[in-house]
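# A look at the structure
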Amino acid sequence: KTADLAGLPEGVPEALHAEGIEELYPPQAEAVEAGVTEGESVVASIPTASGKTMIAELAMLSSVQRGGKALYIVPLRALASEKKTEFERWEEYGVDVGVSTGNYDSDGEWLASRDVIVATSEKVDSLIRNGAPWVDDLTCVVSDEVHLVNDSHRGPTLEVTLAKLRRINPGLQVVALSATVGNADEVAEWLDASLVQSEWRPIDLKMGVHYGNAINFDDGDQREVPVGTGQKQSEALVADTLDEGGSTLVFVNSRRNAEGAAKRLAGVTSKALTDGERNDLRQLAADIRDVSDTETSEDLATVVAKGAAFHHAGLAAEHRSLVEDAFRDRLIKCVSATPTLAAGVNTPSRRVIVRDWRRYDGEFGGMKPLDALEVHQMCGRAGRPGLDPYGEAVLLAKDSETMDELFERYVDADPEPVLSKLAAEPALRTHLLATVASGFANSREGLLEFLENTLYASQTQESGRLEHVTDSVLDYLEVNGFVDREDGSITATDIGHTVSRLYLDPMSAAEIIDGLRDAEEVTPLGCYHLVCRTPDMYQLYLKSGDREEFTELFYERETELLGVAPSEFDDVAFEDWLAALKTATMLEDWATEVDEDRIAERFGVGPGDIRGKVDTAEWLLGAAEQLAGTLDLGVNVAVREAKKRVQYGVREELLDLAGVRNVGRKRARRLFEAGVESRADLREADKSVVLTALRGRRRTAESILENVGRRDPDMEEVREAELEAATFS
Ligand code: ADP
């Protein structure tokens, strides 16, 4: 019983009770028995939606109650504020919550006063590098979705970060939450934690494959779902769920497919709506259009009005949460999503359809089957506790061989083991420099000893591999001037420290330094291209026809690009150079005030992608500016301007105005056209001119004027009148 839980802040057990959590789920009870409320480390490997978050909350709250401080590591940046909001309900019981997002290069000093801190592993890693003093005070760290150590891009950071935190705080409680994986015991052993492993779910899950006219379930049951002529399997299944009064989540393998599927499935959902729902959906569609006037926004609003939606990482954050909320409220009947939705966001659904079980993989060079682990996580979204008798997860087969394959690969399969990806050069490049720079080791032996604390070391059979990669990475760092080696001791150079603090991949730093060192003239496009070439930027892909277009552009603007271009005959390097140019061109469009919508169309991306690239460019250019300063390269001013332009998305003449809070690129342009060209102008301008330029939005005008330090008596009057009106109404 939650009422019997000891060691929590006063009032918490009652609050849980009031939330309807009266009894612990069995895996939660096991975790409590293993001492999770008494500071013991636990690895919980249990299915999706089985209450892992509660295990984390029990650990954090009891740790705080004992005077400690807890850190919750989220797998995605998009989840950080969601988790913070979730934990904020404990503020009433004296637990302060803070979330650390934003810049990688600050030490987040203000977080020292918080009891619970939420951050991504990259952010935690950078806080450690920047010497955040409160890191020493941590008593409990939670790693959500710890199976992501398996991810070749992000896994190593999580792995090293956990190793560092445990090194800094020897008694640290580690609570690692994991999907069901093949080797949870190894993960537990690595973290010196007790293992809670369970297949228990709050609601039964039936998995099956639809083939022909029926779903064949794992328990031998069949359910007839005939597919009409001209109908797709997914359409028949969505219609069938609707007949039962349920909603469906459809997982597909790309954004384009998510949007396409939603369009088709909207034809099914629109037939099953009540008048009341139609009205609510129209309102929701209007809210969606209000967020932004892009094509994606319009497409989303169109399908939402019919009761369907799509969900992927290219959506604006507000769009994503509007869709999630309406799906949870059962207003939207069907969502087609890329797998990002399976990770983390709590959106249970009566039925889950895994439509695409293969995905394009660049490294693999073709379509590759998804891991069983991933498919199981998607399937785990099926079944809403308390609402459905059970959840159903359905895969789709066109022929009987495929059906057999799907049963073998996913329905009857155990999930894969989690394997460390640390012993790869790009990962070690970054982490070895940081380990030296932040004083965790100062010799080759010290480094190897530190690496002993990683999952990699506990998993590998291959002796010498880590040593070998370590040596080659150390050579790289030394040749590029990031570390000095003398008589067996290793220290970070000034520039090495800067690189580590800035959270750059050393290879990015080397590329940037090389590019800026011999630069004669530095233009924004040159800067964008330079940072787009680094391994820290995910470039846009070259599509068919792009090669010709960007080769032409390359010759046109060759003189602006920094560093030495590869030969056109060096296929791989040249493609890379052009992909960077394509990405840089997108940034240049942004920084010359091209409409978001047009950019999205020209480059085949969503608004979320544009934001993502802009943020990364801003960070990398900030880093470039600092590197240029540290090395006295004399180009800081040009780099800073390129950064500011991409940050605000404006041409040079608007830089001053766009920096004012609440102004932004579009308003800055309108003000400028009205003759208000700078902050100084804004302070002096005629109120009516400002108001007209801002399309009569009084409050906006007022706050903008206030932000430039102007307290216009007239405005003051308006405000008072408004206040008064508000008080009396
Ligand atoms: P997971 O993180 O394992 O995917 P969540 O922590 O999101 O799952 O939990 C799923 C849902 O179950 C949440 O809405 C949560 O409030 C609810 N829940 C968790 N524990 C209990 C419990 N003991 N009793 C009732 N509901 C619970």
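Residues numbered from 1 in each chain as written. Predicted model: local features only at pLDDT ≥ 70, side-chain atom pairs only at ≥ 80, totals over all residues. Heavy atoms only, no water.

## Looking at the sheet that holds strand β12 (residues 308-311)
The cut-off we apply is this: Pairing between strands is defined by DSSP: at least two bridges between the two strands are required. Secondary structure elements follow DSSP: runs of H or I of four or more residues count as helices, runs of E of two or more count as strands, with numbering from the N terminus. Axis lines are fitted to C-alpha atoms, over the contacting stretch for helices. Their N-to-C directions set the angle, which ranges from 0 to 180 degrees. Contacts are assigned to residue pairs that have any heavy atoms within 4.5 Å of one another.
Pairing within the open sheet is mixed, and its eight strands lie in the order β10-β9-β8-β17-β14-β11-β13-β12. Edge positions in the sheet fall to β10 (222-224) and β12, since each has one partner strand and no second. Between one strand and the next, the sheet's axes are offset by a mean angle of 20°, whatever the strand orientation. Bridge count between β12 and strand β13 (residues 334-337): four bridges; the pairing is parallel. Residue F310 lies in a different strand from β13, and its bridge partner there is S336. Relative to β12, helix α12 (residues 317-328) is tilted by about 135°, and along the sheet it contacts β11 (248-251), β12 and β13.

## What to know about unusual backbone geometry
Notably, D192 is not glycine yet its phi reads approximately 50°, a positive angle. Structurally, D192 can be placed in the loop between α7 (184-190) and β7 (194-197). A positive phi is found at E593, a non-glycine position, where the angle reads about 70°. On the secondary structure map, E593 appears in the loop between α23 (571-590) and α24 (596-603).

## Comments concerning the domain arrangement of the chain
Test applied: The start and end points of each domain follow an automatic or database-based domain assignment. Each of two parts loses accessible area, computed with a 1.4 Å probe, when they are put together; buried area is these two losses added. Salt bridge criterion: a side-chain nitrogen from Lys or Arg within 4 Å of a carboxyl oxygen from Asp or Glu. As used in this structure description, the phrase polar contact means that two N or O atoms lie within 3.5 Å; if the pair is within protein, one of them must be able to donate a hydrogen and the other to accept it, and residues adjacent in sequence are counted only when both atoms belong to side chains. Residue classes follow a fixed rule: Ala, Val, Leu, Ile, Met, Phe, Trp, Tyr, Cys and Pro count as nonpolar, while Asp, Glu, Lys and Arg count as charged, and any other residue, Gly among them, counts as polar.
As far as domains go, the chain holds domain 1 (2-197), domain 2 (205-411), domain 3 (425-502), domain 4 (506-649) and domain 5 (659-728). Computed from C-alpha coordinates alone, the two centres of domain 4 and domain 5 are separated by 35 Å. Of the residues lining the interface, eight residues belong to domain 4; the matching set on domain 5 comes to four residues. The contact between domain 4 and domain 5 buries some 480 Å² in all, and 35% of this surface belongs to carbon and sulfur atoms. For the pair domain 4 and domain 5, the interface holds one salt bridge. Our count for the domain 4 to domain 5 interface comes out at four residue pairs in polar contact (both at pLDDT 80 or more). In terms of residue class, the side of domain 4 that touches domain 5 is built from three nonpolar, one polar and four charged.

## Remarks on the pairing of strand β5 (residues 140-143)
The cut-off we apply is this: Buried, partly exposed and exposed residues are distinguished by accessible area as a fraction of the type maximum, computed with a 1.4 Å probe on protein chains only: under 20%, between the cut-offs, and over 50%, respectively. Place the viewer so that the strands point away; then a crossover is right-handed whenever the path from the first strand over the helix to the second strand goes clockwise.
Residues of β5 alternate between two faces, with C140 and V142 on one and V141 and S143 on the opposite face, all of them buried. Note: strand β2 (residues 70-74) against β5, four bridges, orientation parallel. Its bridge partner lying in β5, Y72 is registered against V142. Bridging between β5 and strand β6 (residues 173-178) involves four bridges; their strand directions are parallel. Following the sheet pairing, V141 is matched in β6 by V174. With helix α6 (residues 155-168) bridging β5 and the parallel β6, this β-α-β connection has right-handed handedness.

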